[in-house]
Amino acid sequence: MKVGFIGLGIMGKPMCKNVLKAGYEVIAFDFNKAAIEEVVACGAKAASSGKEVGENCEVLITMLPNSPHVKAALFNEGGAAEGLKAGCTVIDMSSINPVESQNIAKKLAEYGIELLDAPVSGGEPKAIDGTISVMVGGKKETFDKYYDLMMSMAGSVVRVGDVGAGNTTKLANQIIVALNIAALSEAFVLCEKAGVDPQLVFDAIKGGLAGSTVMNAKAPMMISRNFEPGFRIELHIKDLQNALDTSHAINVSLPLTSQVMEIMQALKVDGKEKKDHSAILNYYEKINNLIVGNKN
C-alpha cells in the first residue's frame, strides 16, 4: 500500500516514521525541509507538493494544525486533491472542528474520494513510541480497510461514528485533559502554600481515584519545572475554541471549558503559548505568588 503523508510536525514526524517502520511505502511533503530530510533518512520518498503526494499514493494521511491548513493542503492550487484518484481515501488525523470535517468530506466526495476524520491523543511521547489513541469517524468498511495502517501508529484505534464523530470525540478528550491539568495545578499550589511536598502528594494519590494518565504525564513535568512542549498551549487553545464553537452551534453550555480557555489565553498574553499545556500551573503560581516544585 502506497501511503502519502502531509504534515511532519511534533506529532506527524514520529507518526510517519512508525508507518515506515511497519513496512509501508511512504511519500511525504512538508514545508519544513529538515523534517522531510529526517523521514527520507528513514526510508520515505520526498514530494515537492501536495499534488505530487496525491499522484503517488493510494491513501493520504494529513496531520496539520487546524482546518484552514487541512483545506489548503487538499484544495489549494497544487494541493493533494489535484493528484488523488477517485477511490482513494484521506485519513485526516488533525484535530479540527467536526463541522469542518464534514464540509471537507463533502468536497472530497466531489472527487470520488472518501474521508476518515481520525484525530489522535497522547502527545509527542506516545507519537514516538506508537501508542497514541485514534478516534475515527467515517464509513465502517473504510475504517476496516485502513485499520492496520492506523494501528501502525497507535495503541488503540476506535471507530466512534460517521464523519465528524472522530473530532467530536477529540474535543471531549481535550476538555477532559485541560480540566485535569487545571485541577492538578490548583491542588499543587494548595499543597505548596501549605508546606506539603507536591512530589509526596503525587506519590500518595496517583494510585487512588484522583489518579489519571494526565496526572502521571503532567505532574512530573510540573514538579521538575519542565514545560517544554509535548502539546503546546496554543494548540490546546485551538482545540478548546473548536469545542466552544461546536457547543454554541448545538446549544450546549460548557462553563468549565470556558474558564480554562481564559486561563490559557492569559498564559498566551504572558508569552507562554509555545509551552506545554502543563504550564497552566504557571497561571496559578502567578496569581498565588509562589513556585511549585524544584526551585533549582
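Above this text is the structure in question.
Residues numbered from 1 in each chain as written. Predicted model: local features only at pLDDT ≥ 70, side-chain atom pairs only at ≥ 80, totals over all residues. Heavy atoms only, no water.

**Q** Can you explain the layout of surface pockets? Please cite residues and give values.
**A** Quantified by volume, the second largest pocket comes out at close to 230 Å³. What lines the second largest pocket is a set of 16 residues, among which Pro 98, Thr 168, Leu 171, Thr 246 and Ile 250 lie closest to the centre. Those elements that provide at least two residues to the lining of the second largest pocket are helix 5 (98–109), helix 8 (165–194) and helix 11 (233–249). Sort the elements by how many residues they give to the lining of the second largest pocket and helix 8 lands first, with five residues. (1 Å grid on protein atoms, 1.4 Å probe; cavity = no way out; pocket = protein on both sides within 12 Å on 5 of 7 lines; lining within 4 Å. Points joined across faces, edges and corners; volume = space filled by probe spheres on them. Helix = DSSP H or I, 4+ residues; strand = E, 2+ residues; numbered from the N terminus.)

**Q** Quick rundown of the side chain of Asp 276? Include the residues and the values.
**A** Take Asp 276: it is sitting in the loop between helix 12 (255–269) and helix 13 (280–288). Since its relative accessible area comes to 0%, Asp 276 is described here as buried. Of the polar contacts made by the side chain of Asp 276, one reaches the backbone nitrogen of Phe 231; its length is 3.0 Å. At 2.8 Å, the side chain of Asp 276 and the side chain of Ser 278 are in polar contact. Residues in contact with Asp 276, not counting those within four places in the same chain, are Lys 218, Met 221, Phe 227, Glu 228, Pro 229, Gly 230, Phe 231 and Ile 233. (Buried < 20%, exposed > 50% of the residue type's maximum accessible area, 1.4 Å probe, protein only. Polar contact = N/O pair within 3.5 Å; in protein donor to acceptor, adjacent residues only side chain to side chain. Contact = heavy atoms within 4.5 Å.)

**Q** Explain the packing of aromatic side chains to me, using residue names and the numbers behind them.
**A** Within this structure, the stated rule accounts for four aromatic pairs. Ring geometry for Phe 29 versus Phe 31: centroids 5.2 Å apart, planes at 75°, classification edge-to-face. An angle of 90° between the planes, with centres 5.4 Å apart, marks the rings of Tyr 283 and Tyr 284 as edge-to-face. Take Tyr 283: its relative accessible area is 23%, and that puts it in the partly exposed class. Across the ring face of Phe 202, the terminal group of Lys 206 is positioned such that the distance to the ring centre comes to 4.9 Å. (Phe/Tyr/Trp six-rings, centres within 6.5 Å; stacked < 30°, edge-to-face > 60°. Lys NZ or Arg CZ within 6 Å of the ring centre and 35° of its normal.)

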